[in-house]
Amino acid sequence: MKILILNEARKNPVIFRLNKYWRRTNSDPYILSLYHPAMYPEIQPYKSSTLKVSDMHTLYYELSGNKDGAPVVFVHGGPGGGCDEKDRSFFNPNKYKIILFDQRGAGKSTPQACLEENTTWDLVRDMEKLREELQIEKWHVFGGSWGSTLSLAYAQSHPDRVKSLILRGIFTLRKSELKFFYQDGASHLFPEAWDEFIAPIPEAERHDMILAYHAQLNSIDDSTRIIAAKAWSKWEMSTSKLYVDPAYTKRAESDVFANAFARIENHYFINTGFMRDGQILEKQEIDKIRHIPCIVVQGRYDVVCPATTAYSLKKVWPELELHIVPDAGHSSREVGIAKLLVDGTNKFADLE
């Protein structure tokens, strides 16, 4: 079983910085930017719209890049995180038709932060409805963290609709994964952030943090709910990068973002993803997608979605290409991870 490990995250000879100007050195270059040296320039969508997927839920989606390019769908994390305009920059806009959408209750989708009719399998059906709405026969699927979970669940449900998988920070919602991040594991590495995370929870309830937060995140008292949502969100923002990024952590201060992010995440986690424990890694499920080209990028020091899960996926699916980045955590924006994700989209851009 071969695993590729990037020896030096910044080893990228095709980019140069010249004062305030950027230049390219080949026909499909990486574009150097201040924070994301491996990603393409930011672009604007040529279409933004909505899709009603149930009597209750309406999804926001957008299209950017090449109208006639290879279709790729970006599957955001969380669940509940929503998309960001920078997510378009993982893809060569000359080669890809880039599809971003906000999952139920997240981002610009409505109703915001809604937990009703919001399960993994609802989201899988939504992706199919979106594909059909856009009249796409097959598409590339790109997802990280919870996005990797949903991407795998979608591919296992509709393997004939997936041209390739590009995944980051593998997460399968096993009880052991949830226990590591929300109970006993990451707390040993980030004790100061953990103290802030447990602060809203009475000491007698801290033996099950997901359950304790579930009560507060669904409180009828607005203040209780928002305080809990911000603490839950800040815990993840504070632990997502190898080097803690105050600007990233600041996202947790938004009432709207934190409320959707925390409530939807907790809803999924307390229900273990609405699937059997370890279902995504079961042989009969992997056999459905074994033929699909797949690249996985994993940060060695990812404490949100530890490398053991990506390794478990590699063991049951040795055909996939696993890259471990030795100087990165969980975030797709870390330089070594971003570079390999763009390498992956470049590799699959002309896949028939």
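Residues numbered from 1 in each chain as written. Predicted model: local features only at pLDDT ≥ 70, side-chain atom pairs only at ≥ 80, totals over all residues. Heavy atoms only, no water.

1. Looking at unusual backbone geometry
Phase 1: Here Gly78 and Pro79 are connected by a cis peptide whose omega angle stands at 0 degrees.
Phase 2: Mapping Pro79 onto the fold places it in the loop between strand 6 (70-75) and strand 7 (96-101).
Phase 3: Here Thr110 and Pro111 are connected by a cis peptide whose omega angle stands at -5 degrees.
Phase 4: Locating Pro111 in the fold gives a position in the loop between strand 7 and helix 1 (120-133). (Helix = DSSP H or I, 4+ residues; strand = E, 2+ residues; numbered from the N terminus.)

2. Some words on the pairing of strand 4 (residues 47-52)
Phase 1: In the sheet, strand 4 pairs with strand 5 (residues 58-65) via six bridges, with the strands oriented antiparallel. The residue of strand 5 that forms the bridge with Ser48 is Glu62.
Phase 2: A loop of five residues connects strand 4 with strand 5, the two strands running antiparallel in sequence. (Pairing = 2+ DSSP bridges.)

3. Some points on the environment of Phe90
Phase 1: For Phe90, the location among the structural elements is in the loop between strand 6 and strand 7.
Phase 2: In this structure the C-alpha to C-alpha distance between Phe90 and Lys339, which are 249 residues apart in sequence, comes to 8.9 Å.

4. Some details on the pairing of strand 10 (residues 294-299)
Walk down a regular strand and you will see the side chains alternate between the two sheet faces.
Phase 1: The buried fraction of strand 10 is high, at six of six residues.
Phase 2: Here strand 10 shows a buried face lined by Cys294, Val296 and Gln298 and a second buried face lined by Ile295, Val297 and Gly299.
Phase 3: When strand 9 (residues 162-168) meets strand 10, the two strands line up parallel, connected through four bridges. Bridging across to strand 10, Leu165 finds its partner in Cys294.
Phase 4: Judged from the five bridges that link them, strand 10 and strand 11 (residues 321-325) form a sheet pairing that is parallel. Across the sheet, residue Ile295 finds its bridge partner in strand 11, namely Glu321.
Phase 5: In this fold, the crossover linking strand 10 to strand 11 by way of helix 10 (residues 307-316) has right-handed handedness. (Buried < 20%, exposed > 50% of the residue type's maximum accessible area, 1.4 Å probe, protein only. Right-handed = clockwise from strand over helix to strand, strands pointing away.)

5. Notes on the UniProt feature "active site" (unreviewed entry) in the protein
Phase 1: UniProt feature "active site" (unreviewed entry): in the numbering of this structure it lies at Ser145, Asp302 and His330. Taking the farthest pair of C-alpha atoms as the criterion, the annotated set spanning 186 residues converges on one region, since that pair is 10.4 Å apart. The annotated residues contributing to the lining of the largest cavity are Ser145.
Phase 2: Here Ser145 lies in the loop between strand 8 (139-144) and helix 2 (146-157).
Phase 3: Ignoring sequence-local partners within four residues, the contact set of Ser145 consists of Arg168, Gly169, Phe171, Cys305 and His330.
Phase 4: Mapped onto the fold, His330 is located in the loop between strand 11 and helix 11 (335-348). (UniProt positions renumbered as here; feature names shortened; annotations may be inferred. 1 Å grid on protein atoms, 1.4 Å probe; cavity = no way out; pocket = protein on both sides within 12 Å on 5 of 7 lines; lining within 4 Å. Contact = heavy atoms within 4.5 Å.)

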